[in-house]
Amino acid sequence: MRIDRTRLAASMEALGRVGETPRGGLTRLALSDEDRRGRDLLVGWMREAGLTVTVDQMGNVFGLRAGSDALPPVLMGSHADSVPTGGKYDGQLGVLCALEVLRTLAERGARPRHPVGMVIFTNEEGARFQPAMIGSGVLAGKIPLEDAYNARDRDGKRLGDELERIGYLGPEPCIPRPARAYLELHIEQGPILEEEGLPVGVVEGIVAIAWSRLTLTGVQDHAGPTPMRIRHDALVAAAEVVRAVREIPRRVGGDMVATVGRLDVSPNIPNAIPGRVSLSVDFRDPDEAAITRALGMLDRIVKGAARREGVTAELEHYWRVPRTNFDPGVVDAVERAVRALGCGHRRILSGAGHDAQYMAAICPTGMVFVPSRAGRSHCEEEFTALDDIEHGANTLLLAAAELAGASV
Ligand code: GLV
Ligand code: MN
Ligand code: MN
C-alpha cells in the first residue's frame, strides 16, 4: 500500500493558496481569518475521507476513523498556522500527509485494529500568541486552559475570543486521553538530511527550549535638546543585551543556539529617545543543564546592561519545554517503515519545537523528517521536493499501519 502523490500535491497546492504571499510563501497566523479558511478546507476534506470530526476547547481539530477493536487510537498530525512570511511546508505538510495516509487507508478498505486519526493543533508557532505549541500544551496538561485563553496578541486580542470569533471554540474537553501512539511528519528545517542526501529522518527527540521576555524601561525624551550625558535609553540597553545573547552559545559551548527575534520599541519614532523596549530571547540546547546556565548568564547580562544605562529591567523566563526523547518502540516502528521502503535515512534530533514534544508526555510518540532545501524554514524560501515528501508520507503510512495493527 502506498500514498497517492498526485492527490497529496494537489491538496498542498490548494491549502497553500490560503494565506499565500506574493512571493510564494505563507502568512496564516493562528486564529486569523486565513487560519479559519485553512481549517474549513481541511475539515471538509476530513469529512470527505470518512473521518468523524470533533473540535476541542482549544480549537484542536480531530478526525477519527474507527478500528475493528475498541482500542486507543493512533494519531497523526501537526499544525496549520504559520509564522508571518513563512513557508508552505512547516506544519501544513504534516497535516496533509496525515490526511493522505487516512485517505489511502479508507480507499484500500484497510481495517486496522486501532482507530487511526489525525489532529490539527492550534497556535503551534507561537508567532501570534505565546507560548508556542499551546494547543498541544493544554492537551497534555502542561499549560492551564485559562492561561491559554488569556494569551494576547500584539493588538491585545485574547486567544479565547479569537478562537470563538473564527468558530473553532469546540465543546470537547481539551485533556489528556489515551492514545496508542502519536506520529508527526515535519520538514527538518535544518540542513542535515539535504547535506547527506537522505530523504527521511527518523527523529529520536527534540532539544530543550526556553523563552524569556525582557522589558527595559528608561526615560522617553526629546532627541534634540536632551544632552547625551543625561539619557536613559532603553534601546541602547537592549542593544547590549542582543549582542551579549549572541555570545552565550559560544560561552556555554556544545550545540546551543540563542536568538533575539522580537523587539518592540516605544515610541518608535525618529525624534524620541526610546523609553521602553521589550524583546524576546529563545534558547535551545540538547542538554537541559546548558539552558539553565544560559538563563543565569542572561540574568547577569540584563542586570549589567540596565545598570550601565540607568534603566529598569523586568525579565521573565516564562516558558520552558524539557529535552524530549521519543518512545523507542515508535522510533523503531518509523525506522522499520523507512527500511521497508528501501529509502536512505538516518536518526536525527530536532532543533525545532513540535506538538510531538508535548504529545510525548502523554503517549508513545515519534516523528518523521523530510529534507528542507538549503535547511531554510520560517521564511518564504521553505521548500521540500515532492519525491522526498512521497518517501516521508509512505514512511508515515507504514509506521501508522504497523502501530495500528493493520496489514498493508
Ligand atoms: C516552532 O516553529 C519553533 O519555534 O520551533
Ligand atoms: Mn512546525
Ligand atoms: Mn514553525
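Residues numbered from 1 in each chain as written. Chains lettered and ligands numbered in written order. Predicted model: local features only at pLDDT ≥ 70, side-chain atom pairs only at ≥ 80, totals over all residues. Heavy atoms only, no water.

Some thoughts on the layout of surface pockets
Our working definition: Here a cavity denotes a set of grid points, spaced 1 Å apart and computed over the protein atoms alone, in which a 1.4 Å probe fits but from which it cannot get out, and a pocket denotes an open set meeting protein on both sides within 12 Å along at least five of seven lines; residues with an atom within 4 Å of a point are reported as lining. Grid points are joined across faces, edges and corners, and a volume is the space filled by probe spheres set on the points. Counting from the N terminus, the helices are DSSP H or I runs at least four residues long and the strands are E runs at least two residues long.
In this structure, the second largest pocket spans a volume of roughly 300 Å³. Taken together, 18 residues make up the lining of the second largest pocket; nearest its centre are Thr54, Phe62, Leu64, Pro73 and Arg177. Going through the elements one at a time, strand S1 (52-55) and strand S2 (61-65) are the ones with two or more residues in the lining of the second largest pocket.

Points about empty space enclosed by the protein
Which entries qualify depends on this criterion: Each residue is assigned to one of three groups, with Ala, Val, Leu, Ile, Met, Phe, Trp, Tyr, Cys and Pro labelled nonpolar, Asp, Glu, Lys and Arg labelled charged, and all others, Gly among them, labelled polar.
This model, assessed by the stated rule, comprises one cavity of 30 Å³ or more. Considering only enclosed or pocket space, the largest cavity measures out at about 40 Å³ in volume. Residue assignment for the lining of the largest cavity shows that the elements contributing at least two residues are helix H1 (5-16) and helix H3 (92-107). It is H1 that provides the largest number of residues to the lining of the largest cavity, a total of three residues. Class assignment of the residues belonging to the lining of the largest cavity gives a composition of four nonpolar, two polar and two charged.

Quick look at the state of the cysteines
Going by this rule: Here, a disulfide means two cysteine sulfur atoms that sit within 2.5 Å of each other.
Within this structure, the stated rule accounts for zero disulfides. Of all cysteine sulfurs in the structure, the one in Cys97 sits closest to Cys343, which takes part in no disulfide; the separation is 13 Å. With no disulfide of its own, Cys379 lies 19 Å from the sulfur of Cys97, the closest cysteine sulfur.

A short note on the pairing of strand S6 (residues 200-206)
Quick reminder of the rule: Each residue is placed in one exposure class: buried if its accessible area under a 1.4 Å probe, protein chains only, is under 20% of its type's maximum, exposed if it is over 50%, and partly exposed if it falls in between. Strand pairing is defined by DSSP finding a minimum of two bridges between the two strands.
Taken across its seven residues, S6 has six buried, putting it largely inside the fold. Taken together, the six bridges between S6 and strand S15 (residues 345-350) define a ladder with parallel strand orientation. Across the sheet, the residue bridging to Gly205 is Leu349, located in S15. Pairing analysis gives three bridges linking S6 to strand S16 (residues 365-370), with the strands arranged antiparallel. Each bridged residue has a counterpart across the sheet, and for Val202 the counterpart in S16 is Val368. Inspection of the sheet shows S6 paired to strand S14 (residues 324-325) by two bridges, in the antiparallel sense. The residue of S14 that forms the bridge with Ile206 is Thr324.

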